[in-house]
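What the coordinates show
Okay, here's what each chain looks like letter by letter:
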Amino acid sequence: MSEVADVVVVGAGISGLAAARRLVGAGQSVVVLEARDRVGGRLFSAPETGLDLGATWYWANEPRMIAIVAELGLEPHPQYLNGDALYQVPQGVQRLAGNPIEGPAGRLAGGMQSLARAMAETLPHGTVRLTQKVSRIRGGKRRLEIESVSGSIGASHVVLAVPPALAVAAIEMVPELDAETREVASVTPVWMGAMTKVVVRYPTAFWRERGLAGA
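First, a word on what this report is: a plain description of the structure on this page. Remember, predicted model here, so these are calculated numbers, not experimental data.

**Quick notes on the packing of helix H1 (residues 14-25) against helix H3 (residues 113-121)**
- Viewed as axis vectors pointing N to C, H1 and H3 meet at an angle of 25°, and their least axial separation amounts to 10 Å. When the axes of H1 and H3 are compared, the pair comes out roughly parallel. When the axes of H1 and H3 are compared, the crossing they make is left-handed. Residues Ile-14, Leu-17, Ala-18 and Arg-21 of H1 pack against Leu-115, Ala-116, Met-119 and Ala-120 of H3.

**Brief notes about the side chain of Thr-56**
- Along the polypeptide, Thr-56 turns up in the loop between strand E2 (30-33) and strand E3 (58-59).
- We classify Thr-56 as buried; its relative accessible area is 7%.
- Among the polar contacts made by the side chain of Thr-56, one reaches the main-chain carbonyl oxygen of Gly-54 at a distance of 3.1 Å.
- Here the side chain of Thr-56 touches Lys-197 through a polar contact of 2.3 Å, side chain to side chain.
- When near neighbours in sequence (up to four residues on either side) are disregarded, Thr-56 contacts Gly-106, Arg-107, Met-112 and Lys-197.

**Some remarks on the environment of Lys-141**
- On the secondary structure map, Lys-141 appears in the loop between strand E9 (134-139) and strand E10 (144-148).
- For Lys-141 and Leu-72, which are 69 residues apart along the polypeptide, the C-alpha to C-alpha distance reads 40 Å.

**Brief notes about the sheet that holds E10**
- One open sheet holds the 7 strands; their spatial order is E8-E2-E1-E11-E10-E9-E12, and the pairing between them is mixed. Two strands lie at the open edges of the sheet, namely strand E8 (128-129) and strand E12 (172-174), each paired on one side alone.
- Two strands pair when backbone bridges link them, and strand E1 (residues 3-10) and strand E11 (residues 151-160) are joined in this way by 7 bridges, in the parallel orientation. By the bridge assignment, Ala-5 is partnered in E11 with Ala-155.

**Let's talk about the packing of aromatic side chains**
- By the definition in use, this model includes 3 aromatic pairs.
- Taking 5.4 Å as the distance between ring centres and 85° as the angle between the ring planes, the aromatic pair formed by Tyr-202 and Phe-206 counts as edge-to-face.
- On the basis of relative accessibility, which here comes to 44%, the residue Tyr-202 falls in the partly exposed class.
- For Phe-206, a relative accessible area of 33% gives the class partly exposed.
- Ring geometry for Phe-206 and Trp-207: centres 5.1 Å apart, planes at 80°, overall edge-to-face.
- Residue placement shows Arg-208 over the ring face of Tyr-80; its charged tip is 3.7 Å from the ring centre.

**Focus: the sheet that holds E3**
- Overall, antiparallel pairing links the 3 strands, which are arranged E3-E7-E4 in an open sheet. Both outer strands of the open sheet, E3 and strand E4 (76-78), are each paired with one neighbouring strand and no more.

**Section: the side chain of Ser-148**
- Structurally, Ser-148 can be placed in strand E10.
- Its relative accessible area of 14% is what places Ser-148 among the buried residues.
- Reaching out from Ser-148, the side chain makes a polar contact with the side chain of Gln-132 at a distance of 3.1 Å.
- Leaving out residues up to four positions away in the same chain, Ser-148 has contacts with Leu-33, Gln-132, Lys-133 and Val-134.

**What to know about unusual backbone geometry**
- Here the bond from Val-174 into Pro-175 is cis, since omega is 0°, no more than 30 degrees from zero.
- With respect to the helices and strands, Pro-175 occurs in the loop between E12 and helix H5 (179-186).
- Phi at Thr-131 takes a positive value of approximately 50°, unusual for a residue other than glycine.
- Turning to its location among the elements, Thr-131 is positioned in the loop between E8 and E9.
- Given the relative accessible area of 45%, Thr-131 is considered partly exposed.

Thresholds, definitions, all that
Residues numbered from 1 in each chain as written. Predicted model: local features only at pLDDT ≥ 70, side-chain atom pairs only at ≥ 80, totals over all residues. Heavy atoms only, no water. Axes fitted to C-alpha atoms, helices over the stretch in contact; angles between N-to-C directions. Helix = DSSP H or I, 4+ residues; strand = E, 2+ residues; numbered from the N terminus. Parallel < 35°, antiparallel > 145°, perpendicular 65-115°, else oblique. Left-handed = near helix turned anticlockwise from the far one by under 90°. Contact = heavy atoms within 4.5 Å. Buried < 20%, exposed > 50% of the residue type's maximum accessible area, 1.4 Å probe, protein only. Polar contact = N/O pair within 3.5 Å; in protein donor to acceptor, adjacent residues only side chain to side chain. Pairing = 2+ DSSP bridges. Phe/Tyr/Trp six-rings, centres within 6.5 Å; stacked < 30°, edge-to-face > 60°. Lys NZ or Arg CZ within 6 Å of the ring centre and 35° of its normal.

Function cannot be read off these values alone, since they describe shape.
Next up, the structure:
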């Protein structure tokens, strides 16, 4: 092994980056290995427009999100709520007075992926390593060995900040996890994991002229 760290975090999504920040703050040496060529995981914003193709909103009852947005100096973009809402039934489109469908929510002016990028920038240089798919985690007498496309890193602990089903499908564990743990991991769902998102961009918000909120 050419390198040793206290902790290796697998996955540079929001959970992995949050874990890395907390560990670095506690004085641990940390390496974050990310299979993709970007940070953010399910936070993915179109580079040209900042439109979110992944997770989009955070809510007023999420104090940790509100705090980190403020800490990193990111620009919130409140969800527009004024006007009526529409819904469709077999009999046609119905209009609801007011907007009972949506509540106060926040987005980020640069897209939600800007949060992940800002978090990564607070970590020591070289902590986050992209295009480093982890293929094997091997247990040893003294430390764990984490193998990626660039070689092996030794660590006392590993944080798997990826969906459990992905972890057991894509990473070889030596020794193997017990059958019950593998089964639980393989069927653990990801919130909205089966959804497909479509984004349509209009030149103007014409529905607001008709007194509609867009819900």
